[in-house]
Each structure stands twice: as C-alpha cells, then as structure tokens.
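In case you want the letters, here they are:
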Amino acid sequence: MKQIIEKSRDLTKVEIYRLTSSNSTQSIKNFENQIIEVDYWAKFTDTDDGTGTVTEILSIATKDGEYIATNSAVVIRSFDEMVEVFGTEELPPVQIVTGKSKNNRTYYNIRLA
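Residues numbered from 1 in each chain as written. Predicted model: local features only at pLDDT ≥ 70, side-chain atom pairs only at ≥ 80, totals over all residues. Heavy atoms only, no water.

A. The overall build of the protein, seen in detail. The secondary structure content of the protein amounts to 2 helices and 8 strands. Over its C-alpha atoms, taken along the principal directions, the protein stretches across nearly 35 × 35 × 25 Å. In the protein, which comprises 113 residues, the proportion classed as buried is 38%. Considering only intrachain contacts with a sequence separation of at least 6, the fraction spanning at least 24 residues in the protein is 53%. Split by element, the accessible area of the protein, about 7000 Å² in all, is 44% carbon and sulfur. (Helix = DSSP H or I, 4+ residues; strand = E, 2+ residues; numbered from the N terminus. Buried < 20%, exposed > 50% of the residue type's maximum accessible area, 1.4 Å probe, protein only. Contact = heavy atoms within 4.5 Å. Areas by Shrake-Rupley, 256 points an atom, 1.4 Å probe, with all protein chains shown as cover.)

Right, dumping it as structure tokens:
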C-alpha cells in the first residue's frame, strides 16, 4: 500500500498515479550526470504486502515529462535539504551525481545544477 507523506503541491489523481506507479517511473541511475528541472514531486511510503517492510520513496516529475523514483536515503536527505531552503513548489535545476562509498560502491546523490 502506498501513502503520500509529502508533496510539492496539490496533485491530480493522474499525477499521483504517474509518480507512484513503477511502470511510469525510471530509476535515478538512468539520469546519472544529467541536469533535470523539477516540475512536481512526492515522497511516499510503500509497504510490501508479503513482509510488511515500509520503504520511503522520492518520485520526481521533470519538466521534460520524465518520472524518476529512488529509495536512496542519500538522495532523499539532499532533496529534503533543498526543499527546506527553497520551499516545496519551485526548485532550481538539479543534477544527479554519483560518488563512491568506503566499500567502493557507487551511490547516487542530487545537488543544485
């Protein structure tokens, strides 16, 4: 079950569906090093019916009509910091970037472009 916990503005049912449907969204990995313009967004929780595990997901609709979703705590934390400064409705362009963890694993983050 999916439950919206925060959003950029009032969203239509179609917008909510596109942000929360796995067949509408793409992985943040597909946008590595790209600059995106955020149109609207939502954070929601998704509960696995089998295990009961709750996952927080950030989903972004771009002004180009793409839908990007991630459960990365790093990305969500950075995005939350931007929203805290700029507010929920109008974010400046952002860039999807990567880094390497101490274990040499690639991780994703988001920063101002």
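Now that the structure has been shown, we can carry on.
B. Representation of the sheet that holds strand β4 (residues 38-47) within the structure. In spatial order, the strands read β1-β4-β5-β6-β2; together these 5 strands make up an open sheet with mixed pairing. Looking at the sheet topology across the chains shown, the edges are occupied by β1 (2-7) and β2 (26-27). The pairing of β2 with strand β6 (residues 67-70) spans 2 bridges and is parallel. Directly across from Ser27, in β6, lies its bridge partner Ala69. Sitting on the sheet, helix α1 (residues 13-20) touches β1, β4, β5 (54-62) and β6, and the angle it makes with β4 is about 65°. (Pairing = 2+ DSSP bridges. Axes fitted to C-alpha atoms, helices over the stretch in contact; angles between N-to-C directions.)

C. Structural view of the environment of Thr53. Its location among the elements puts Thr53 in the loop between β4 and β5. With a relative accessible area of 43%, Thr53 lands in the partly exposed category. Apart from residues lying up to four places away in sequence, Thr53 is in contact with Asp46, Thr47 and Asp48. Reaching out from Thr53, the side chain makes a polar contact with the side chain of Thr51 at a distance of 2.9 Å. (Polar contact = N/O pair within 3.5 Å; in protein donor to acceptor, adjacent residues only side chain to side chain.)

D. Quick look at the pairing of β4. Most of β4 sits inside the fold, with 7 of its 10 residues counted as buried. As paired elements, β1 and β4 share 5 bridges and run antiparallel to each other. Its bridge partner being in β4, Gln3 is matched across the sheet by Thr45. In terms of strand pairing, β4 meets β5 through 9 bridges, oriented antiparallel. By the bridge assignment for β5, Trp41 is matched with Ile60. Taken together, β4 and the strand that follows it, β5, pair antiparallel across an intervening segment of 6 residues, in which Gly52 is found at a positive phi of about 80°.

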